[in-house]
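For reference, the chains in residue letters:
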Amino acid sequence: MDDLSNGAAWIDGTILPISEARINVTDWGVTHSDMAYDVVPVWQGAFFRLPDYLQRFTASLSALRMDIAMGPDQIQAALHRMVGASGLHSAYVAMVAARGRNPVPGSRDPRDCQNHFYAWCVPYVHIVKPEIAEAGTSVWIAKSVRRIPQDSVNPRVKNYHWGDFTSGLFEAKDKGFETTLLLDHQDNVTEGPGFNVFALFGDRLVTSQHGVLHGITRQTVLEMAREMGLTVETRPLPLEEFWRADEVFLSSSGGGVIPVTRVDERHFSNGAPGPCARQLRKTYFEWLMKDALRTPLHQV
Ligand code: PLP
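These numbers come from a predicted model, not from an experiment.

Trainee: Summarise the pairing of strand E1 (residues 8–11); cite the residues concerned and give the values.
Mentor: Burial along E1 is two-sided: the residues Ala 8 and Trp 10 and Ala 9 and Ile 11 are all buried. In this sheet, strand E6 (residues 116–123) lies alongside E1 in antiparallel orientation, the contact comprising four bridges. Note that in E6 the partner of Ala 8 across the bridge is Cys 121. With four bridges joining them, E1 and strand E2 (residues 14–17) adopt antiparallel strand pairing. Note on E2: the bridge partner recorded for Trp 10 is Ile 15. Counting the residues in the hairpin turn of E1 and E2 gives two residues, including Asp 12, whose phi is positive at 50°.

Trainee: Account for the nonpolar core, naming residues and giving values.
Mentor: Of all hydrophobic cores here, the largest spans 32 residues; its most connected members are Phe 47, Ile 75, Leu 79, Met 82, Val 93, Met 95 and Phe 117. Mapped onto this core, the elements with two or more residues apiece are E1, strand E3 (35–43), helix H2 (50–63), helix H3 (72–86), strand E5 (91–98) and E6. Within the second largest apolar cluster, 22 residues are counted, among which are Val 128, Leu 183, Val 263 and Phe 268.

Trainee: How would you summarise the packing of H2 against H3 if you had to cite specific residues and measurements?
Mentor: Taken N-terminus to C-terminus, the directions of H2 and H3 make an angle of 120°; their axes are 11 Å apart at the nearest point. By the angle class used here, H2 and H3 are oblique. Where H2 crosses over H3, the two elements pack in a sense that is right-handed. Of the residues in H3, those in contact with Leu 50, Leu 54, Phe 57 and Thr 58 of H2 are Pro 72, Ile 75, Gln 76 and Leu 79. Tallied by class, the residues present in the contact of H2 with H3 amount to six nonpolar, two polar and no charged.

Trainee: Lay out the layout of surface pockets in plain terms, naming residues and giving numbers.
Mentor: Estimated volume of the largest pocket: approximately 560 Å³. Forming the boundary of the largest pocket are 32 residues, of which Lys 158, Trp 162, Pro 193, Gly 194 and Phe 195 lie nearest the centre. Elements supplying a minimum of two residues to the lining of the largest pocket: E3, H2, helix H5 (163–174), strand E9 (191–192), strand E10 (195–201), helix H6 (216–227) and strand E13 (247–252). The leading source of residues in the lining of the largest pocket is H5, at three residues.

Trainee: A description of the site of the ligand should follow, citing residues and the corresponding values.
Mentor: With respect to spatial proximity, 16 residues lie near the ligand, and among them Lys 158, Glu 191, Ile 216, Thr 217 and Ser 253 are the closest. Within the contact set of the ligand, an oxygen atom lies 2.5 Å away from a side-chain nitrogen or oxygen of Lys 158. Considering the ligand on its own, with 390 Å² of exposed area, one finds that the protein chains cover 93% of that surface. Cavity membership is defined here by more than half of the atoms lying within 2 Å of grid points; on that basis the ligand lies in the largest pocket. For the shell around the ligand, the elements supplying multiple residues, two or more each, are E9, E10, H6 and E13. Taken together, the residues of the shell around the ligand sort by class into five nonpolar, eight polar and three charged.

Trainee: Account for the side chain of Asp 27, naming residues and giving values.
Mentor: Relative to the helices and strands, Asp 27 resides in the loop between E2 and helix H1 (28–31). The side chain of Asp 27 is buried and forms no salt bridge, while Arg 101, the nearest opposite charge, is found at 6.6 Å. For Asp 27, the side chain forms a polar contact with the main-chain nitrogen of Gly 100, separated by 3.0 Å. In this structure, Asp 27 is in contact with Ala 98, Arg 99, Gly 100, Arg 101 and His 116, ignoring residues within four places of it in sequence.

Trainee: Outline the side chain of His 80, supporting the account with residue identities and numerical values.
Mentor: With respect to the helices and strands, His 80 occurs in helix H3. Take His 80: its relative accessible area is 2%, and that puts it in the buried class. Within polar-contact distance, the side chain of His 80 engages the backbone nitrogen of His 298 at 3.3 Å. Non-local contacts of His 80, meaning those with residues more than four positions away in its chain, are made with Phe 47, Thr 295, Pro 296, Leu 297 and His 298.

Trainee: Which residues make up the sheet that holds E6, and what are the values?
Mentor: If you walk across this open sheet you meet the seven strands as E2-E1-E6-E5-E3-E4-E16, and the pairing is antiparallel. Looking along the sheet, the strands with just one partner apiece sit at the ends: E2 and strand E16 (294–296). Adjacent strand axes in the sheet meet at a mean angle of 25°, parallel and antiparallel pairs treated alike. Bridge count between E3 and strand E4 (residues 46–48): two bridges; the pairing is antiparallel. Note that in E4 the partner of Trp 43 across the bridge is Ala 46.

Trainee: Any chance you could break down the pattern of salt bridges for me, citing the residues and the numbers?
Mentor: Using the criterion set out here, one finds 15 salt bridges in the structure. Residues Glu 241 and Arg 235 are paired through a salt bridge, measuring 2.8 Å at the closest nitrogen-oxygen approach. Residue class for Arg 235 comes out partly exposed when judged on its relative accessible area of 22%.

Cut-offs and rules
Residues numbered from 1 in each chain as written. Predicted model: local features only at pLDDT ≥ 70, side-chain atom pairs only at ≥ 80, totals over all residues. Heavy atoms only, no water. Buried < 20%, exposed > 50% of the residue type's maximum accessible area, 1.4 Å probe, protein only. Helix = DSSP H or I, 4+ residues; strand = E, 2+ residues; numbered from the N terminus. Pairing = 2+ DSSP bridges. Core = buried A, V, L, I, M, F, W, Y, C linked by side-chain atoms within 4.5 Å. Axes fitted to C-alpha atoms, helices over the stretch in contact; angles between N-to-C directions. Parallel < 35°, antiparallel > 145°, perpendicular 65-115°, else oblique. Left-handed = near helix turned anticlockwise from the far one by under 90°. Contact = heavy atoms within 4.5 Å. Nonpolar A, V, L, I, M, F, W, Y, C, P; charged D, E, K, R; others polar. 1 Å grid on protein atoms, 1.4 Å probe; cavity = no way out; pocket = protein on both sides within 12 Å on 5 of 7 lines; lining within 4 Å. Points joined across faces, edges and corners; volume = space filled by probe spheres on them. Near = heavy atom within 4 Å. Polar contact = N/O pair within 3.5 Å; in protein donor to acceptor, adjacent residues only side chain to side chain. Areas by Shrake-Rupley, 256 points an atom, 1.4 Å probe, with all protein chains shown as cover. Sits in = over half its atoms within 2 Å of the grid points. Lys, Arg positive; Asp, Glu negative; His and termini not counted. Salt bridge = Lys/Arg side-chain N within 4 Å of Asp/Glu carboxyl O.

Without other data, these values stay purely geometric and don't point to any function.
Next up, the structure:
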């Protein structure tokens, strides 16, 4: 059996090394991308904002009419047991609900499927390497693809419909950019693979409200920004306006606040992380250690 410190999974109440975790090929999660998931960070021995992530996950389950026969307390217990067994102190912790297999011969009725829960964790993931984030990252606005419309796949239900992001990532990587950002069909800035997007204009901070996941880090940024005395506006962010931003940054549970210094051919904040993005990045790592927002790992 592999060392659990590379990652562990919780499947049907059993803890397994991540390399041995499997789901069935006929699961609708695999055949139809019919899943909801969430990812909560563990940072230096404690979950960050765990009740908020659990609430978003259970809201996703209701939206998709999934019944995993486990409430938030049982999910939380499974996560504690799994992360505790892994021995990881800082981790990327995924909780997943899949539509499951349809045991009724010939049935194509989603109500017949056996929904199920599983979870997995690996060492903490930075969606942009810290050394790149510190210097400011580069973002390519996808040209060949738009964000899936919110009335087709609800982006507030965290999901694995990543076809649009993956196309954008191919474009970005081929052009030498770190990551990609997608527009909606009205040319508003939406989000990217694993992050929300913010633009600062003077002391006004703008991020999209519609067509995006309501990131928990986005929420944390909005709270930190208010404390810093910034005005926050959650509303559509037209690309035309975005180009005039003083600063641009991303937010994600995988690395917090990530300053952006280049979008396509445009350089922002003189090619270095702006003062506001830098401050928010620093404050985010401080908030990760705030007792009121932490749920310490149970000792196992
Ligand atoms: N948007 C998308 C599409 C995401 O997948 C994620 C996180 O993975 C985010 C935004 C950021 O959300 P959070 O701050 O909760 O990690």
